[in-house]
Amino acid sequence: MNCMGIRYGDEMIIVDAGMGFPEETPYGVDISIPNFDFLEEYRDDLTALILTHGHEDHVGALAYILKKYNLPVYGSRFTLALAEKRLEEFRMLDDVLLHRVQANDIIEIGNFKVGFIHASHSLVDCFSLAIETPIGTIIHTGDYKIDDTPVIGKPYDLDTLRGYGDRGVLALLADSTNATVPGRTPSEQAVIPAFREIFEETTGRLFVATFSSSIHRLQIIFDLAHEYGRKVCVLGRSMQKNVEIAEEQGLIKVGHGTMISMGDARALDDDEVCYLVTGSQGENRAALWNMATSTYKGMEIDKGDTVVLSARIIPGNEKNISRLIGHLYKRGANIIEEKRRLVHVSGHASQEDIKIMVETARPKYLIPIHGEYRMLFRHKEYVKNHVAGYSDDNIVLIENGDLLELDEFGARVVEKHDLHKTFIDEESMGEIEYDVVRERKKLAYGGAISLVVMIDKKTHQIAGEPQITFQGVAGLDSTNGFAAEAREAISEAIAEMKVAQIADKTVFKENLRIHLKRFVQKEIQSKPVIVTTIVEV
Ligand SMILES: [Zn+2]
């Protein structure tokens, strides 16, 4: 859920607006976005939204932030192509101003001058930002690794970064995702030897599952498939979409006739096709899961197939991936994982990449960003111990919701805000109120008891017996007499109420709820959600 505001005077630019995927699914919610209410205070100051790159955790909340604040958006051609697809789904494309920028462009936005520095990452067309302000330059790395030999595009543009370093950098806001990993992050090309072996030794069908955004990886598969006489069939909506955009923009090069449809692929021999599929994280709706569980139309994993999982396990997905692998084994497939062969490399800077970054930018202050606090902390420790001139005085750790103030005297956190996530319903893509999630949590822990009371409209007397039902309440079952006792207790309580208390439905309902709650708490320990309904007859 990367998102940051940078403010000088009464002008504020926003960098990235990402979505998150909560690790422990909180009661049916799979997606979260930043709570943009924080920005309300600065509504009149907001001038632009700058995107570093097109990964979901940097652009996924674009539609939601633009709905609240219709800012002009700046990003690379590829990033904006991905963003456009997303805005189209929300029917917002016509209302939004998108500015395509290229590496080395410098744009002026009020008091800010924003320079775009070409960055290498697992995705393509990514930027680090050089944000010049009247009090100094801020470098925001975005996600990056120092890749000297990427598959697509140029290496990280250290020369331009060094230029900013020479002129003086006030603060470096730097990616910490891999700050716990020693050494250099291997180049995107590092997976080629393992994939070459796989193409050489595989005689049956070959399935490669990877992130649909790992564009370098996709290019490698297309190249090797062509070299080893296999056609490529792309399955999974996000994979097809990304390949289409990347090919349109000339980023991915697909040999003439190499890419084929599923229908054509089925007509070929097993060793003439390579399938590029989504679902490396065991996602239950993705192509690979469906092919492993016979729910994909027209294609399933079979004995003798080779499946390469060319991705890291994102924390939180271990169980799903483990179940996916179980299904694949049951079907007789051969599985190749990251643990056993070098079929995946990270897109983020490891410790020695971080060292290169800090030594090239030479900032007055280093501010680790991106990643959990543990990673920010290790980022700080590593730089303190391995780069001359850095100590507790000029490395500042910040957390979500912190307001950091930078001026000629120093860098310090001046305010802390407690920010809630905003949850998104995956079906409707609408926001779910925080209260709804809290209600679901209560239901999950305590279950529900529902009470229905019928009242005679004219006499305001109870008509018939109250009805009580319960779902998922611990300590209760339908045979232990609880419902009968509760019915009796409620009937007695109603008998003692005055007519006026019954005539006002809101008062009556609340009274019933309180009586039932007291009765329940005497009988059992749990705190179920109590739903009262009054029916007038
Ligand atoms: Zn990224």
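Look up: the structure comes first, before these words.
Residues numbered from 1 in each chain as written. Predicted model: local features only at pLDDT ≥ 70, side-chain atom pairs only at ≥ 80, totals over all residues. Heavy atoms only, no water.

Peer 1: Would you mind going over the overall build of the protein chain with me for this structure?
Peer 2: On a plain count of helices and strands, the protein chain comes out with 16 helices and 24 strands. The principal-axis extents of the C-alpha atoms in the protein chain amount to approximately 85 × 70 × 50 Å. Taking the contacts inside the protein chain whose residues are at least 6 apart along the sequence as the reference set, 72% of them involve residues at least 24 apart. When the accessible area of the protein chain is evaluated, it comes to approximately 25,400 Å², of which 47% is carbon and sulfur surface. Mean positive and mean negative side-chain charge positions of the protein chain (60 and 82 charges, respectively) differ by 4 Å. (Helix = DSSP H or I, 4+ residues; strand = E, 2+ residues; numbered from the N terminus. Contact = heavy atoms within 4.5 Å. Areas by Shrake-Rupley, 256 points an atom, 1.4 Å probe, with all protein chains shown as cover. Lys, Arg positive; Asp, Glu negative; His and termini not counted. Charge placed at Lys NZ, Arg CZ, Asp CG, Glu CD.)

Peer 1: Could you clarify how one ought to interpret helix H16 (residues 505–523) in this entry?
Peer 2: Residue pairs three or four apart in sequence face the same way in an α-helix, which turns once every 3.6 residues. Between its first and last C-alpha, H16 extends 27 Å over 19 residues, near the 27 Å set by a 1.5 Å rise per residue. Phe-508, Asn-511, Leu-512, Leu-516, Phe-519 and Val-520 are the residues of H16 that are buried. Axial view of H16: buried residues confined to an arc of 165 degrees, hence all on one face. Every exposed residue of H16 that faces more than 90 degrees away from the buried side is listed here: Thr-506 and Arg-518. The residue sitting at the N-terminus of H16 and contributing the capping side-chain oxygen is Asp-504; that oxygen lies 3.1 Å from the backbone nitrogen of Thr-506. (Expected span 1.5 Å × (residues − 1). Buried < 20%, exposed > 50% of the residue type's maximum accessible area, 1.4 Å probe, protein only. Arc of directions from axis to C-beta. Polar contact = N/O pair within 3.5 Å; in protein donor to acceptor, adjacent residues only side chain to side chain.)

Peer 1: It is not clear to me how the packing of helix H4 (residues 158–167) against helix H11 (residues 351–361) should be interpreted in this structure. Could you clarify?
Peer 2: In helix packing, the relevant descriptors are the interaxial angle and the interaxial distance, both defined with respect to the helix axes. At a closest axis distance of 7 Å, the pairing of H4 and H11 adopts a crossing angle of 45 degrees. One way to sum up the angle between H4 and H11 is to call them oblique. Listed contacts from H11 to Leu-158, Leu-161, Arg-162 and Gly-165 of H4 are Ile-356, Met-357, Thr-360 and Ala-361. (Axes fitted to C-alpha atoms, helices over the stretch in contact; angles between N-to-C directions. Parallel < 35°, antiparallel > 145°, perpendicular 65-115°, else oblique.)

Peer 1: Help me understand the sheet that holds strand E21 (residues 431–432), please; the structure alone is not making it clear to me.
Peer 2: Across a sheet, paired strands are connected by hydrogen bonds in the backbone, their directions being either parallel or antiparallel. Pairing is antiparallel in the open sheet, where three strands are placed in the order E3-E20-E21. The open sheet has two free edges, formed respectively by strand E3 (31–33) and E21, since each of these has just one partner strand. With three bridges connecting them, E3 and strand E20 (residues 422–424) associate as antiparallel partners. In the sheet register, Ile-31 faces E20, and the bridge partner there is Ile-424. (Pairing = 2+ DSSP bridges.)

Peer 1: Help me understand the pairing of strand E23 (residues 467–471) in this model?
Peer 2: Of the two faces of E23, only the one carrying Ile-468 and Phe-470 is buried; Gln-467, Thr-469 and Gln-471 on the other face are not. Sheet topology places strand E22 (residues 448–455) next to E23; five bridges connect them, and they run antiparallel. Each bridged residue has a counterpart across the sheet, and for Val-452 the counterpart in E23 is Gln-467.

Peer 1: What is the right way to read the sheet that holds strand E4 (residues 46–50) from this model?
Peer 2: In spatial order, the strands read E1-E2-E4-E5-E6; together these five strands make up an open sheet with mixed pairing. Looking at strand neighbours, the two that pair on one side only are strand E1 (3–8) and strand E6 (98–100), the edges of this open sheet. Each strand of the sheet is rotated relative to its neighbour by a mean of 25 degrees, with strand direction disregarded. Relative to E4, strand E2 (residues 11–17) runs parallel, the two being bridged by four bridges. By the bridge assignment for E4, Ile-14 is matched with Leu-49. Of the strands in this sheet, strand E5 (73–75) and E6 are in contact with helix H3 (residues 77–89), which crosses E6 at around 160 degrees.

Peer 1: Honestly, the coordination of the zinc ion in this entry has me stumped. Any pointers?
Peer 2: Within the protein, the atoms that donate to the zinc ion are His-53 (NE2), His-55 (ND1), His-121 (NE2) and Asp-143 (OD), at distances of 2.1 to 2.3 Å. Coordination at the zinc ion is irregular, judged from the four donor atoms that bind it and the angles of 91 to 160 degrees they form at the metal. In primary-sequence terms, the residues that donate to the zinc ion follow H-x1-H-x65-H-x21-D. Remark: His-121 occurs in the loop between strand E8 (112–119) and strand E9 (126–133) and His-53 occurs in the loop between E4 and helix H1 (56–59); sequence separation between them is 68 residues. (Donors = N, O, S within 2.8 Å, 3.2 Å for Na, K, Ca; no water. Tetrahedral: all angles 85-135°; square planar, octahedral: opposite > 155°, others 65-115°.)

Peer 1: I tried to follow the pairing of strand E15 (residues 306–309) on my own but got confused; where do I start?
Peer 2: On a regular strand, each side chain points to the face opposite its neighbour's, so the side chains alternate between the two faces of the sheet. Alternating residues of E15 divide into Thr-306 and Val-308 and Val-307 and Leu-309, and every residue in both groups is buried. Two strands pair when backbone bridges link them, and strand E12 (residues 206–209) and E15 are joined in this way by four bridges, in the parallel orientation. Among the inter-strand pairings, Phe-207 is bridged to a residue of E15, identified as Val-307. In this sheet, strand E16 (residues 334–336) lies alongside E15 in parallel orientation, the contact comprising three bridges. From the neighbouring strand, Val-308 faces E16, where its bridge partner is Ile-336. Taken together, E15, helix H10 (residues 318–330) and E16 form a β-α-β motif whose crossover is right-handed. (Right-handed = clockwise from strand over helix to strand, strands pointing away.)

Peer 1: Help me understand H11, please; the structure alone is not making it clear to me.
Peer 2: The set of residues buried in H11 consists of Gln-351, Asp-353, Ile-354, Met-357, Val-358, Thr-360 and Ala-361. Lining the buried residues of H11 we find H4, strand E11 (169–175), strand E17 (363–369) and helix H12 (373–386).

Peer 1: Explanation requested: the state of the cysteines in the structure shown.
Peer 2: Each disulfide is one covalent bond, formed between the sulfur atoms of two cysteines. If you walk through the whole model with that rule in mind, you get zero disulfides. Residue Cys-126 stays outside any disulfide, its sulfur separated by 18 Å from that of Cys-3, the closest cysteine. Residue class for Cys-126 comes out buried when judged on its relative accessible area of 0%. No disulfide involves Cys-274; its nearest neighbouring cysteine sulfur is the one of Cys-233, lying 9.4 Å away. (Disulfide = S-S within 2.5 Å.)

Peer 1: Before we go on, may I ask you to explain the nonpolar core in this structure?
Peer 2: Proteins that are soluble and globular tend to have nonpolar side chains buried together. Residues Phe-78, Tyr-156, Phe-195, Ile-215, Leu-276 and Val-383 are the most contacted members of the largest nonpolar core, which totals 61 residues. Setting aside its immediate chain neighbours within four residues, Tyr-156 contacts Ile-117, His-118, Ala-119, Ser-120, Ser-128, Tyr-144, Lys-145, Ile-146, Asp-147, Leu-161 and Met-357. Listed in part, the 31 residues of the second largest apolar core include Ala-63, Ile-65, Leu-80 and Val-96. (Core = buried A, V, L, I, M, F, W, Y, C linked by side-chain atoms within 4.5 Å.)

Peer 1: How do you make sense of the side chain of Thr-306 when you look at a structure like this?
Peer 2: Residue placement: Thr-306 occurs in strand E15. Residue Thr-306 is classed as buried on the basis of its relative accessible area of 6%. Setting aside its immediate chain neighbours within four residues, Thr-306 contacts Thr-202, Arg-205, Leu-206, Phe-207, Asn-334 and Ile-336.

Peer 1: Can you walk me through a positive patch on the surface in this structure?
Peer 2: Where like charges cluster on the molecular surface, the positive patch consists of Lys-442, Lys-517, Arg-518 and Lys-527. For Lys-527, a relative accessible area of 62% translates into the label exposed. (Patch = residues over 30% accessible without salt bridge, like charges linked within 9 Å, V, L, I, M, F, W, Y side chains within 5 Å. Salt bridge = Lys/Arg side-chain N within 4 Å of Asp/Glu carboxyl O.)

Peer 1: Can you help me understand the pattern of salt bridges in this one?
Peer 2: Where charged atoms of side chains with opposite charge meet at close range, the side chains can pair. Tallying each qualifying case throughout the model produces 28 salt bridges. The closest approach of N and O atoms between Arg-341 and Glu-201, which form a salt bridge, is 2.8 Å. Pair noted here: Arg-341 is in the loop between E16 and H11 and Glu-201 is in helix H5 (residues 192–201), with a separation of 140 residues, a long-range link. Judged by relative accessible area, Glu-201 falls into the partly exposed class, the value being 48%. Through salt bridges with shared partners, a single network forms among Lys-380, Glu-381, Lys-384 and Asp-392.

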